[in-house]
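# Structural features, examined
One-letter residues, chain by chain:
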Amino acid sequence: MKWRVILEEDPETGEWAVWCPELPPGCTSVGETEEEALENIKEAIQLYLQQEEIELAPGAIAREINV
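Structure report, in brief. On a predicted model such as this, the values are computed, not experimentally measured, just so you know.

Cut-offs applied
Residues numbered from 1 in each chain as written. Predicted model: local features only at pLDDT ≥ 70, side-chain atom pairs only at ≥ 80, totals over all residues. Heavy atoms only, no water. Pairing = 2+ DSSP bridges. Helix = DSSP H or I, 4+ residues; strand = E, 2+ residues; numbered from the N terminus. Axes fitted to C-alpha atoms, helices over the stretch in contact; angles between N-to-C directions. Contact = heavy atoms within 4.5 Å. Buried < 20%, exposed > 50% of the residue type's maximum accessible area, 1.4 Å probe, protein only.

With that settled, the discussion passes to the sheet that holds strand E1 (residues 6-9). In space, the three strands of this open sheet follow the order E1-E2-E3, with antiparallel pairing throughout. Unpaired on one side and paired on the other, E1 and strand E3 (28-31) mark the two borders of the sheet. The sheet shows a mean angle of 20° between the axes of neighbouring strands, direction not considered. Examined bridge by bridge, strand E2 (residues 16-19) and E3 share four bridges and lie antiparallel to one another. By the bridge assignment, Val18 is partnered in E3 with Ser29. Here helix H1 (residues 34-49) sits on the sheet and contacts E1, E2 and E3; the angle it forms with E3, its principal contact strand, is near 150°.

Note on placement: Ser29 falls in strand E3. On the accessibility criterion, Ser29 (17% relative accessible area) is buried. Discounting residues that sit within four places of it in the chain, Ser29 has contacts with Trp16, Ala17, Val18, Asn40 and Ile41.

Along the chain, Glu32 falls in the loop between E3 and H1. Its relative accessible area of 60% is what places Glu32 among the exposed residues. Counting along the chain gives 26 residues from Glu32 to Ile6, while the straight-line C-alpha distance between them is 15 Å.

Shown next as structure tokens:
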């Protein structure tokens, strides 16, 4: 799956900020280099999309759909 990410260099520190515009504002990361920032945002996106176990009420049904 491909995601767009936005990279910006901090002029004061030289570090790179990166975020994915399609995901909530909390899905951001940084890195000392552009490459490190890209690796870090990959991990942030994976963690954001990771499915957690949920408890279902009796009789409830869980399904998966493609969008």
